[in-house]
Every structure is written in structure tokens, then in C-alpha cells.
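# A structural walkthrough
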Amino acid sequence: MTLNTPEPAEARSEELVSSMRDTLKTMRQHFQAFIEEADAGEDVKETEVSKQLVALNRAIANLQGMEKKLDELRQARDGIVQNGYALNLDFARAEVRCALGRIRTCGGTRAVSE
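Everything numeric in this text was worked out from a predicted model, so none of it was measured.

Helix and strand counts for the protein come out as 3 helices and 0 strands. Reading the secondary structure of the protein in the N-to-C direction produces α-α-α. The buried share of the protein, taken over its 114 residues, is 15%. Counting contacts in the protein only where the partners sit at least 6 residues apart, residues at least 24 apart contribute 60% of the total. Carbon together with sulfur atoms contributes 52% to the accessible area of the protein, which is approximately 9,300 Å² in total.

Turning next to the pattern of salt bridges. Under the definition given, this model contains 1 salt bridge. Two residues, Arg21 and Glu67, come together in a salt bridge whose shortest N-O distance is 2.6 Å. Taken together, the residues Arg21 in helix α1 (residues 7-39) and Glu67 in helix α2 (residues 46-77) connect sequence positions 46 residues apart. For Arg21, a relative accessible area of 44% gives the class partly exposed.

With that settled, the discussion passes to α2. Between its first and last C-alpha atoms α2 spans 46 Å; for 32 residues at 1.5 Å apiece the expected length is 46 Å, and the two agree. Residues Gln52, Leu56, Ala59, Leu63, Met66, Leu70 and Leu73 constitute the buried set of α2.

Time to look at the environment of Leu24. Inspection of the secondary structure assignment puts Leu24 in helix α1. Separated by 31 residues in sequence, Leu24 and Ala55 place their C-alpha atoms 9.5 Å apart. With sequence-adjacent residues up to four places away left out, Leu24 is seen in contact with Leu56, Ala59, Ile60 and Leu63.

Another aspect to go through is the nonpolar core. Membership of the largest hydrophobic core is limited to 11 residues, which are Val17, Met20, Leu24, Met27, Phe31, Phe34, Leu56, Ala59, Leu63, Met66 and Leu70. Top element by residues in this core is α1. It accounts for 6 residues.

Conventions adopted
- Residues numbered from 1 in each chain as written.
- Predicted model: local features only at pLDDT ≥ 70, side-chain atom pairs only at ≥ 80, totals over all residues.
- Heavy atoms only, no water.
- Helix = DSSP H or I, 4+ residues; strand = E, 2+ residues; numbered from the N terminus.
- Buried < 20%, exposed > 50% of the residue type's maximum accessible area, 1.4 Å probe, protein only.
- Contact = heavy atoms within 4.5 Å.
- Areas by Shrake-Rupley, 256 points an atom, 1.4 Å probe, with all protein chains shown as cover.
- Salt bridge = Lys/Arg side-chain N within 4 Å of Asp/Glu carboxyl O.
- Expected span 1.5 Å × (residues − 1).
- Core = buried A, V, L, I, M, F, W, Y, C linked by side-chain atoms within 4.5 Å.

Structure (C-alpha cells):
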């Protein structure tokens, strides 16, 4: 049986989120430059500003989506399911073993599988 863990996907997502944050920072700086040029009275093309604004909004939406995916991967790693509940499989395993031990004791000498 193969156990798939979220670590590789989580690492890739973290790298992508970091890269997207850097890109977003650069885009914000470019957009700020447009604002400063307009405030200084320079001729700024409205179409160029509009393109940059659309690209900035798209980058923000993409970043939010990747951050959500990264949170989901972290929750999956931590065993958190919908509604924020976590399954403690180690505790459940210990409880099952204790119950099997009680069954063995009550059932006599026959072995009960784990």
C-alpha cells in the first residue's frame, strides 16, 4: 500500500505562494509608479493603467486561491476535516486496543485479532 502525503504538494504550494507574493509586490510597485506619474502631471496612458489594474486584480485572486489551497493541504496533513474537526487516529487506535484487551479478558483464552 502506498501512503500519499501532502508534503510535496504543500512545499510546491508554499513556493508558488511566495513567488506570487513577490510578483504581486512588483506589480503594486509598477502601479504605484503610474499613480506617481499621474500626480506629477505626466501623460499616462489610460489603457496601460487599466491593463495593469486588471493584471493586479487577477494576481490577487490567484494568490488568494493558492493560499486557500495551501491551507487545505495543511489541514489535510493535520487530519482536520470539514467544519474544523480533527481526527486523532492515535487516540482511536489506543481505544480500540483497550477494547480488544477487555474483550480478550472477558472472552476467555481465545485470541482476538488486532
